[in-house]
Amino acid sequence: MDEDDFSNVLGLYGQNGSGKSSCIEGFRVLQFLLSGVSLNPVILNYINIDENEMSVGADFYVRISNNNYFVNYDCSIGKRENGLQINEEKMSYHLLDENNKKINIFSFNAPGDINGGFKDYLGNKNFEIYKTIASFETKGNYNQFFLASSIFNQKLLQYMESCKNKDDVYLGILKELNYFAKYRFAIYQINYFNEISDVGIRIRIKEENNGDNPSCNDIFVNFDQNSIRAEYFDLFKKTLATINNVLPSIVKDCVVDLVDVVKTKKQVISINNDIVNFRLVSKRNGKYIPLIYESNGIKKIISILSGLIDVFNNEGTFVAIDELDSGIFEYLLGELVYVFDNFSLGQLFFTSHNLRVLEKVDSKNIYFSTIDSEDKFIQIASVRESNNLRNLYYKYIANGYKDKYKLYNDVLTENIISSFKIKGGYWRW
């Protein structure tokens, strides 16, 4: 792979309501699917009221035993009488070699479909993997309500692992993507920050056995009082130590500490050695402040730091953050994105409205929304080193880009002034 074609950072810019947050929501749906977790019923609201289904998909590069594979996954999710269901899943892969030939393509359709069940679209019924899946299918092990992925069904993965004639590459790809979704894929949606006081600091835990619905392995320690299991508390302390290693370099002399729930002193109490009760505080210049009363900007920085630290240090880790700029001083925002653009091992995807970032990263790392529904996101090409991408963006907002793309639905100042004026006067209390 040519590393010049890839980036550690990708930012998405555009006016309000142009679809930026939809990309973040799409990542969340993808995480549910790859994890084998049942889809959240709220996803039904993502489908256009005039449509019966939506689709989500992604391409991956997966490395197994020093071989690189290109993997394509697509899924169709539709409405049904009592909610939603997964209508169809497709997955293909090929080895990145001189031939670039697709090795295998499989699909799963809900049994209600005329083509229901697992399918081998190449027609190669001799593939061992097809025999394995077909055998699994006849045992009726697929998800009855089709709210979770059938390709990433946990029972299927276990079944394939136990088979003597298993396809190591296909199984390896499934396991890698499943592991990625659970442990190396973090999404911070906008509602996460709207409820930041209740959510707090995200930590990753070991996989729990929840039957057919394994968790995505996230728990949250909120910014006020907490009661968590002792085994998670030990992991949280390690997470907190890494946060405190970085936080003072972003918010000068600030660290997060633990105090007794009742008394404001540095003491953590445990009940029956199973549950630990504590309150989070910030400590600056030797003074404690309950973390719940810190500014939203500081709380946001603290809340995303564990994800940022993870993506900075680990290749193959992906973090998506909606409205990264919200509450963060614009100069600091530019420096943070610059650091990740040049030194991160993992990948950071973010949406933003603050244009300071455009002066700090390469133009190839930024996409802009358009008002064209058929060509929603574009990059600005041929940006010279002497050009300022921020200034170019302002120019193209006003004049359009390449006489083809309009980047902004015109909002005229005179129309805003006129709309604010209420005819007949304004009645006041």
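Above this text sits the structure in question.
Residues numbered from 1 in each chain as written. Predicted model: local features only at pLDDT ≥ 70, side-chain atom pairs only at ≥ 80, totals over all residues. Heavy atoms only, no water.

In this section: the sheet that holds strand β16 (residues 347–352). Spatially, β7-β15-β16-β1-β17-β18 is the arrangement adopted by the 6 strands of the open sheet, whose pairing is mixed. Two strands bound the open sheet, and with one partner strand each, they are β7 (185–188) and β18 (377–378). Two elements, β7 and strand β15 (residues 318–321), share 4 bridges in a ladder whose sense is parallel. Considered in β15, the bridge of Tyr188 is made with Ile321. (Pairing = 2+ DSSP bridges. Helix = DSSP H or I, 4+ residues; strand = E, 2+ residues; numbered from the N terminus.)

Here we take up helix α4 (residues 168–183). Count 3.6 residues to each turn of an α-helix, and residues three or four apart come out pointing the same way. For α4, built from 16 residues, the straight-helix expectation of 22 Å at 1.5 Å per residue is met to within 8% by its first-to-last C-alpha distance of 22 Å. Tyr170, Leu171, Gly172, Ile173, Leu174, Leu177, Asn178, Phe180, Ala181, Lys182 and Tyr183 are the residues of α4 that are buried. (Expected span 1.5 Å × (residues − 1). Buried < 20%, exposed > 50% of the residue type's maximum accessible area, 1.4 Å probe, protein only.)

Moving on: the packing of aromatic side chains. One pass over the structure, following the stated rule, counts 19 aromatic pairs. Between Tyr13 and Phe368, the ring centres sit 6.4 Å apart and the planes meet at 50°, which makes this aromatic pair tilted. Taken together, the positions of Tyr13 in strand β1 (residues 9–13) and Phe368 in strand β17 (residues 366–369) put the pair 355 residues apart, joining distant regions of the chain. Given a relative accessible area of 1%, Tyr13 falls into the buried group. Looking at Phe368, the relative accessible area reads 0%, which means it is buried. Aromatic ring contacts, followed pair by pair, group Phe27, Phe60, Phe180, Phe185, Phe318 and Phe349 into a single cluster. The residue whose ring lies beneath Arg202 is Tyr188, and the NZ or CZ to ring-centre distance is 4.4 Å. The residue whose ring lies beneath Lys360 is Tyr338, and the NZ or CZ to ring-centre distance is 4.7 Å. (Phe/Tyr/Trp six-rings, centres within 6.5 Å; stacked < 30°, edge-to-face > 60°. Lys NZ or Arg CZ within 6 Å of the ring centre and 35° of its normal.)

Interhelical geometry of helix α3 (residues 154–162) versus α4 gives an angle of 140° and a closest axis separation of 11 Å. Judged by the angle between their axes, α3 and α4 are oblique. At the point where α3 passes α4, the crossing takes the left-handed sense. Only Tyr170, Leu171, Leu174, Lys175, Asn178 and Lys182 of α4 make contact with α3, whose side of the interface consists of Gln154, Leu157, Met160 and Glu161. Class assignment of the residues belonging to the contact of α3 with α4 gives a composition of 5 nonpolar, 2 polar and 3 charged. (Axes fitted to C-alpha atoms, helices over the stretch in contact; angles between N-to-C directions. Parallel < 35°, antiparallel > 145°, perpendicular 65-115°, else oblique. Left-handed = near helix turned anticlockwise from the far one by under 90°. Contact = heavy atoms within 4.5 Å. Nonpolar A, V, L, I, M, F, W, Y, C, P; charged D, E, K, R; others polar.)

All we've got here are geometric facts, nothing functional implied.
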